[in-house]
Amino acid sequence: MPDAIGQVLTLAVGVSLSPVPIIAVVLMLGTPAGRRNGPAFLAGWVLGLAVVATIVLLVAGGAGANDGGEPATWVDVLKLALGALLLLLAARQWRGRPRAGDAAELPKWMQSIDRFTAGRSLAIGIALSGVNPKNLLLTVGAAAAVAQAGASTGAEAAAMAIFVLIATLGPGIPVAIYFAMGERAERLLEELNGWMGLHNAAIMTVLLLVIGAKLIGDGVSGLG
């Protein structure tokens, strides 16, 4: 079980530190429906991660990610491929960064966030956690690595539960601050929102580079 958990920690942090979801939930909390939409978004976020992780675990287990106590080679090849894709995403993120003096461009759907219902907030949470390319790659990598560790079913479930918990801290902390501090949280959340928006490209580029390099290193080590 410790090996299975160790496999997911870095990847979970990569999912957690996603600027766009954090900005989205902060904006939701600033609307009249914030007390309803913030938790709904968070529920969708957890659901999206859990569904993807469960599917990958089942598929990887059925494909023999751990064969007779030995990690399967195809999982290491998958890590190499995922790492390479993350490096490509890092390069794309950096090329698309706003130039000096330009404001960061946020997704157009955020312009209507004050009109979101709880259902739409839930759906956006699912999309940003389970469908977003970066988070999808990281979740697939985490679940495949856990399956490769050859732990028991209970240990695999515990490892992925820890993955989802850590991966939820990013958007979850603003929600916790909002409910704990009430109106006093407004200024703090506005500052967090502004900082994340300003440094979105840099944060994402560094995360993708570091985690992509880790996956490639793990893949090379496993194949060696």
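None of the values given here were measured: they were computed from a predicted structure.

Draft legend 1. Structural detail: the overall build of the protein. Along its length, the protein carries 10 helices and two strands. Counted from the first residue to the last, the protein has its helices and strands arranged as α-α-α-β-β-α-α-α-α-α-α-α. Against the globule reference of 17 Å for 224 residues, the protein gives a C-alpha radius of gyration of 18 Å, in line with a compact fold. Summed over all atoms, the accessible surface of the protein reaches about 10,900 Å², with 66% contributed by carbon and sulfur. Treating the 14 positive side-chain charges of the protein as one cloud and the 13 negative ones as another, the clouds have centres 9 Å apart.

Draft legend 2. Structural view of helix H10 (residues 200-223). The end-to-end C-alpha distance of H10, which contains 24 residues, comes to 34 Å, matching closely the 34 Å that a straight helix rising 1.5 Å per residue would cover. Taken together, the buried positions of H10 are Asn200, Ala201, Ile203, Met204, Thr205, Leu207, Leu208, Ile211, Gly212, Leu215 and Gly219.

Draft legend 3. Here's a closer look at the packing of helix H4 (residues 73-95) against H10. Between H4 and H10, the least distance of the axes is 7 Å, while the angle of their chain directions is 160°. Taken together, the axes of H4 and H10 are roughly antiparallel relative to one another. Relative to H10, the crossing made by H4 is left-handed. Tallied by class, the residues present in the contact of H4 with H10 amount to 20 nonpolar, eight polar and three charged.

Draft legend 4. Focus on the environment of Val56. The residue Val56 is located in helix H3 (residues 34-62) in this model. Judged by its relative accessible area of 15%, Val56 falls in the buried class. For the pair Val56 and Val146, spaced 90 residues apart in sequence, the C-alpha separation works out to 9.9 Å. In this structure Val56 touches Val140, Ala143 and Ala144, once residues within four positions along its chain are discounted.

Draft legend 5. The arrangement of the nonpolar core in detail. If you look at the biggest cluster of nonpolar residues, it comprises 53 residues, and the most contacted ones within it are Phe41, Met160 and Phe163. Looking at this core, the element that brings in the most residues is H3, giving nine residues. Leaving out residues up to four positions away in the same chain, Phe163 has contacts with Val8, Leu11, Ala12, Val15, Leu49, Leu138, Thr139 and Ala142.

Draft legend 6. Region of the structure containing the environment of Val131. One can find Val131 in helix H5 (residues 118-131). Note: C-alpha distance between Val131 and Glu191 (60 residues apart in sequence) is 28 Å. Those residues in contact with Val131 that sit more than four places away from it in its chain are Ile126 and Leu136.

About the criteria used
- Residues numbered from 1 in each chain as written.
- Predicted model: local features only at pLDDT ≥ 70, side-chain atom pairs only at ≥ 80, totals over all residues.
- Heavy atoms only, no water.
- Helix = DSSP H or I, 4+ residues; strand = E, 2+ residues; numbered from the N terminus.
- Rg over C-alpha atoms; globule rule 2.2 N^0.38 Å.
- Areas by Shrake-Rupley, 256 points an atom, 1.4 Å probe, with all protein chains shown as cover.
- Lys, Arg positive; Asp, Glu negative; His and termini not counted.
- Charge placed at Lys NZ, Arg CZ, Asp CG, Glu CD.
- Expected span 1.5 Å × (residues − 1).
- Buried < 20%, exposed > 50% of the residue type's maximum accessible area, 1.4 Å probe, protein only.
- Axes fitted to C-alpha atoms, helices over the stretch in contact; angles between N-to-C directions.
- Parallel < 35°, antiparallel > 145°, perpendicular 65-115°, else oblique.
- Left-handed = near helix turned anticlockwise from the far one by under 90°.
- Nonpolar A, V, L, I, M, F, W, Y, C, P; charged D, E, K, R; others polar.
- Contact = heavy atoms within 4.5 Å.
- Core = buried A, V, L, I, M, F, W, Y, C linked by side-chain atoms within 4.5 Å.

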